Amino acid sequence: MQRLAEIAPAEIPQIWSLLSQIPDPEVPVLTITDLGMVRSVCAQAGGWVIGFTPTYSGCPATEHLLGAIRETMTAHGFTPVHIVLQLDPAWTTDWMTDDARARLREYGISPPVGHSCHAHAPAEVACPRCASTDTSVISEFGSTACKALYRCNACREPFDYFKCI
Ligand SMILES: [Zn+2]
């Protein structure tokens, strides 16, 4: 039991809960744990090690998020904190929780369709407002590189589609 307590200290669920409050700067309705970016939280050598996989590589949000994680951990006395970037396997929209997909749709962004389809526009992207699949691509790059801009042909509203990767 002593050994088990060392491996998984009681603070770990608390750390997960703190990290689950850090919003993604590009999609503020989702947090970094909704997106599955936090891969692991471990205690090591008197400090904390967080395994983190950024969503889109080269996304300017990554630096911001690393800073936000450090700040949150430090503010709650979880120091020293070491963030390990885990780039392999690469992040995929498959890691997004179902709850996150539902909230994305409510926010007005069509959630990724299918599994790891490598950024090619899928055949059917549903309008987050009226659910019509009669939609067309306006631009492969929406408000950020992670999204494509679509227009709904039923309700005529443009919307962002969170690209599947
Ligand atoms: Zn529509």
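Residues numbered from 1 in each chain as written. Predicted model: local features only at pLDDT ≥ 70, side-chain atom pairs only at ≥ 80, totals over all residues. Heavy atoms only, no water.

The protein chain carries the name Phenylacetate-CoA oxygenase subunit PaaJ in an unreviewed UniProt entry, which gives Lelliottia nimipressuralis as its organism.

A.B. asks: Would you mind going over the pattern of salt bridges in detail, with residue names and values included?
C.D. replies: A complete count under the given rule lists 2 salt bridges for this structure. Notably, a salt bridge pairs Asp 34 with Arg 103, separated by 2.9 Å at the nearest N-O pair. Here the residue Asp 34 occupies a position in the loop between α2 (11–19) and β1 (38–44), and Arg 103 occupies one in helix α4 (residues 98–107), the gap between them amounting to 69 residues. By relative accessible area, which is 24% here, Arg 103 ends up partly exposed. For Asp 99, the salt bridge identified is with Arg 103, shortest N-O distance 2.9 Å. Of this pair, Asp 99 and Arg 103 are both found in helix α4, 4 residues apart, which corresponds to roughly one turn of the helix. On the accessibility criterion, Asp 99 (46% relative accessible area) is partly exposed. (Salt bridge = Lys/Arg side-chain N within 4 Å of Asp/Glu carboxyl O. Helix = DSSP H or I, 4+ residues; strand = E, 2+ residues; numbered from the N terminus. Buried < 20%, exposed > 50% of the residue type's maximum accessible area, 1.4 Å probe, protein only.)

A.B. asks: Got a sec to walk through the coordination of the zinc ion? Specific residues and values, please.
C.D. replies: Around the zinc ion, the protein contributes the donor atoms Cys 127 (SG), Cys 130 (SG), Cys 152 (SG) and Cys 155 (SG), which lie 2.3 Å from the metal centre. Along the chain, the residues donating to the zinc ion fall in the pattern C-x2-C-x21-C-x2-C. Highlighted residues: Cys 127 in the loop between β4 (109–110) and β5 (135–139) and Cys 155 in the loop between β6 (147–152) and β7 (158–162), separated in sequence by 28 residues. (Donors = N, O, S within 2.8 Å, 3.2 Å for Na, K, Ca; no water.)

A.B. asks: Got a sec to walk through the sheet that holds β5? Specific residues and values, please.
C.D. replies: Taken in spatial order, the 4 strands line up as β4-β7-β6-β5 in an open sheet, and their pairing is mixed. With partners counted over all chains shown, the strands left at the sheet margins are β4 and β5, one partner each. Direction of pairing for β6 relative to β7: antiparallel, over a ladder of 5 bridges. Bridging across to β7, Ala 148 finds its partner in Tyr 161. (Pairing = 2+ DSSP bridges.)

A.B. asks: Help me get a handle on the packing of aromatic side chains, residues and values and all.
C.D. replies: Under the criterion given, the structure shown has 4 aromatic pairs. Centre to centre, the rings of Tyr 150 and Tyr 161 are 5.6 Å apart; their planes meet at 65°, and the pair counts as edge-to-face. Residue Tyr 150 is found in strand β6, and its partner Tyr 161 is found in strand β7; the two are separated by 11 residues along the sequence. Accessibility classification places Tyr 150 together with Tyr 161 in one group, the buried group. Joined through ring pairs, the aromatic side chains of Tyr 150, Phe 159 and Tyr 161 make up one cluster. The aromatic ring of Trp 95 is capped on one face by Arg 39, whose charged end is 3.5 Å from the ring centroid. (Phe/Tyr/Trp six-rings, centres within 6.5 Å; stacked < 30°, edge-to-face > 60°. Lys NZ or Arg CZ within 6 Å of the ring centre and 35° of its normal.)

A.B. asks: How would you summarise the sheet that holds strand β3 (residues 81–85) if you had to cite specific residues and measurements?
C.D. replies: The sheet built from 3 strands is open, its strands ordered β1-β2-β3 with mixed pairing. The open sheet has two edge strands with one neighbour each: β1 and β3. The sheet shows a mean angle of 20° between the axes of neighbouring strands, taken without regard to direction. Along the sheet, α2 contacts β1 and β2 (47–52); its crossing angle with β1, the most-contacted strand, is approximately 140°. Against the sheet, helix α3 (residues 61–75) makes contact with β2 and β3, and its axis sits at roughly 155° relative to β2, the strand it touches most. (Axes fitted to C-alpha atoms, helices over the stretch in contact; angles between N-to-C directions. Contact = heavy atoms within 4.5 Å.)

A.B. asks: Account for α4, with residues named and values stated.
C.D. replies: Of all the residues in α4, the buried ones are Ala 100, Arg 101 and Leu 104. End-on view of α4: buried residues confined to an arc of 100°, all on one side of the axis. Residues of α4 that are exposed and point over 90 degrees away from its buried face: Asp 98 and Glu 106. Considering only its buried residues, α4 is in contact with β4 and β7. One or two positions beyond α4, positive phi appears at Gly 108, with a value near 100°. (Arc of directions from axis to C-beta.)

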